[in-house]
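Summary of structural features
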Amino acid sequence: MNTFRTSALRAGFLLFLLLLPLCLHAQSRVSRTVHLSKAGTLPDSISVSERRQITDLTLTGPLNGTDIKLIRNMAGVDSVGKKIIGGLTVLDLSGASIVKGGDYYYRALDILNGIKRTTDNVIGESMFGSSNLTSVILPNSITQIGPFAFISANITSINIPKGVDTVEVSAFRNCSRLTSISLPSTLTYLGDAAFAACTNLRHVRYNSRSSNVSFAFGRGIRAVFDDRLKDKHFEELVLYVPEGCMDVYRNHPVWKVFENIREMDADLNAILWAARSYKPNQGSVRINREPADSVRIIENKPVTIEIVPNSEYRIEKVLLTDFDSIGTVIHDGHEERGVIPRERDITGEIVYDYIDILYTIRTVGRYTIDAVKSDLSLEVTFSGVSLPVPVTGISLSETELFVDRDSTFLLTATVYPLNASDRRVRWRSSDTAVAVVDTAGKVTMQGRTGIVKIMATTMSGIYATATCVVTTRYVAAALSDPVCGRVEVRNNGNNQAELQAYPNYNYRFDRWTTQEGNSLSSANPFAFTLTQDTTIRAHFVKSGYHVTFLVEGDNAVRTKDGKFDYAYQDTVRAEAVVGYGYHHFVK
């Protein structure tokens, strides 16, 4: 096999092994809580297969060198400081304690440094150095943090618990991801370069009102944060001290080197300030419901902004500036490191409420910051608008309609005055089983008979309503014998019907009845109102004629009944009395 190709494959495989923990970390988090009743038993509590999978580990009980050695391996560093595969990044030891005994956890490659074992209540030398740990909660019982304890680790913040009095040399050196540290009031000694080369460190919290801390060889606070004394720009660091102690530290011969000293509350959250800029005659701006131009806010707490324009104005632009970024700035023609204000246009993120007061629409803009991190500056610009025109009424294109039960039609709403500011309309139907209406006024009949009201209501002003009464058309039908005659049905579209019968030759119209035979009328034509679908029957009869015979005296003419059907023959007999004789008939 080609030697170069073999080397390349090996290198790729090694790269894969190194990146595997990061890939696993990105995909999922695996948490585990373990209580130890006896120091040195952690290897018995976590199986070999679990050790590379666990990302978040909480331990309680005593821990000795054997336990620390396993924690180091799980966090990606072996007993000689060599990087290995390990997924552990979050470690909670708040309920644990460090005790003497067990195996060594670190063996330096040079003979002078030797091997490192645990000591009671001490985070020992190089204990978590070069590890993958990003977050560590230290045991509450510790009193010291030894040399190089976290050197080159990935931690982003560290809260040193109350009771610790000593942080030794280079304890957190080269923690390039470290941004925030909290020092307890019990601290009495800070070693040289304890936080040196922490290039992203921004926030130093010191919860002490006395500031009685000593330093190695009397070098002072600068040596703690960087051994390159003249190169460190302390304006990048913010020192937070207990509320009411700012002047104590500003005038302290050691701590006054911090150019930016701020106060914090009892929970170690910084006391910040939010300033606002706007024209009071155009509206109002409140921060956390406070009307002052500068409002006290607390780090990591929510901040609410409420903007209310006056009636003749609207919100034009909202600019929010924070001061949480460090970068290169130009000062007196020279490049320097410093705080860079970050301005953001949040106009599009404002949430508006609409308030209708005396027919005048006003808008209230709201914006919330869930957890504030720095001082804020708010600049609000209003712009003038025309006064809104209130709604006074509404009408519909139709007020009464007769329609087919399966029809669709459009109603048009007109809002008055025609220049009203809010011309929105809400549509509804009084009976959706008969008809439904959409947001544009389109009415769809549902195939059922009945009467329904379609209503349109304005959404502001006097909230006027206009109504159209919709009635479904009924059907009129007529039955007849086509031999006798025919019937013409006339509907006027408003549920009024008219029937007219036309008899055939030798027939005449007699009367109208229901389908069941109940008489209705003999009028022809016959007009009536439809209240339901109706079928009416027309009755015809044959045409008949009466013939009258005139005779003289007591003579007579005998017929059957004096009634003769049209075009039919009958017999008539003349009977003469005594003295007379039949002569002839004349018409």
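So, here's what we can say about the structure. These numbers were taken from a predicted model, which means no experiment stands behind them.

What about the overall build of the protein chain?
Scanning the protein chain from terminus to terminus reveals six helices and 45 strands. Buried residues in the protein chain amount to 41% of all 587 residues. Within the protein chain, counting contacts between residues at least 6 apart in sequence, those at least 24 apart form 52% of the total. Here the protein chain has roughly 32200 Å² of accessible surface; of this, 50% comes from carbon and sulfur atoms.

Points about the pattern of salt bridges
All chains considered together, the criterion is met by 18 salt bridges. Lys-116 is paired through a salt bridge with Glu-125; the nearest N and O atoms lie 3.3 Å apart. A residue is classified by how much of its surface remains accessible, and Lys-116, at 12% relative accessible area, is buried. Note on Glu-125: relative accessible area 21%, which makes it partly exposed. In this structure, the salt-bridge partner of Asp-510 is Arg-511, at a minimum N-O distance of 3.2 Å. A cluster of three or more residues bridged by salt bridges with shared partners is formed by Glu-488, Arg-490 and Glu-498.

Section: helix H4 (residues 65–74)
Summarising burial for H4: eight of the ten residues are buried, a large majority. When H4 is considered as a whole, its buried residues turn out to be Gly-65, Asp-67, Ile-68, Lys-69, Leu-70, Ile-71, Arg-72 and Met-74. In this fold, the buried residues of H4 make contact with helix H2 (42–45), helix H3 (48–51), strand E2 (56–63), strand E3 (90–98) and strand E4 (106–107). Among the residues of H4, the N-terminal cap falls to Asn-64, whose side-chain oxygen and the backbone nitrogen of Thr-66 are separated by 3.0 Å. Once H4 ends, the next one or two residues include Gly-76, with phi positive near 90°.

Section: the sheet that holds strand E33 (residues 451–458)
Strand order across the open sheet formed by four strands is E27-E34-E33-E30, with mixed pairing between neighbours. The sheet terminates laterally at strand E27 (400–403) and strand E30 (425–429), the two strands that pair on one side only. Neighbour-to-neighbour, the strand axes of this sheet turn through a mean angle of 20°, independent of strand direction. Both E33 and strand E34 (residues 465–472) contribute to a ladder of seven bridges, which runs antiparallel. When the sheet's bridge partners are listed, Lys-453 is paired in E34 with Val-469.

Some remarks on the pairing of strand E41 (residues 534–542)
Where strand E35 (residues 476–479) meets E41, four bridges bridge the pair, whose relative direction is parallel. Bridge pairing in E41 places Ala-477 opposite Thr-535. Pairing analysis gives seven bridges linking strand E38 (residues 507–514) to E41, with the strands arranged antiparallel. Note on E41: the bridge partner recorded for Arg-511 is His-539.

Quick word on the sheet that holds strand E40 (residues 526–529)
One open sheet holds the three strands; their spatial order is E36-E37-E40, and the pairing between them is antiparallel. Edge positions in the open sheet fall to strand E36 (485–491) and E40, since each of these has one partner strand only. Averaged over neighbouring strand pairs, the angle between their axes works out to 20° when direction is ignored. Bridging between E36 and strand E37 (residues 496–503) involves seven bridges; their strand directions are antiparallel. Each residue of the ladder has a partner; that of Arg-490, found in E37, is Glu-498.

Quick look at the environment of Asn-491
Mapped onto the elements of the fold, Asn-491 is located in strand E36. Overall, the relative accessible area of 45% leaves Asn-491 in the partly exposed class. Separated by 18 residues in the primary sequence, Asn-491 and Arg-473 have C-alpha atoms spaced 9.7 Å apart. Ignoring anything within four residues of it in the chain, the contact list for Asn-491 reads Ala-476, Gln-496, Ala-497 and Leu-530.

About the cut-offs
Residues numbered from 1 in each chain as written. Predicted model: local features only at pLDDT ≥ 70, side-chain atom pairs only at ≥ 80, totals over all residues. Heavy atoms only, no water. Helix = DSSP H or I, 4+ residues; strand = E, 2+ residues; numbered from the N terminus. Buried < 20%, exposed > 50% of the residue type's maximum accessible area, 1.4 Å probe, protein only. Contact = heavy atoms within 4.5 Å. Areas by Shrake-Rupley, 256 points an atom, 1.4 Å probe, with all protein chains shown as cover. Salt bridge = Lys/Arg side-chain N within 4 Å of Asp/Glu carboxyl O. Polar contact = N/O pair within 3.5 Å; in protein donor to acceptor, adjacent residues only side chain to side chain. Pairing = 2+ DSSP bridges. Axes fitted to C-alpha atoms, helices over the stretch in contact; angles between N-to-C directions.

Everything listed is a geometric property; what it means functionally is a separate question.
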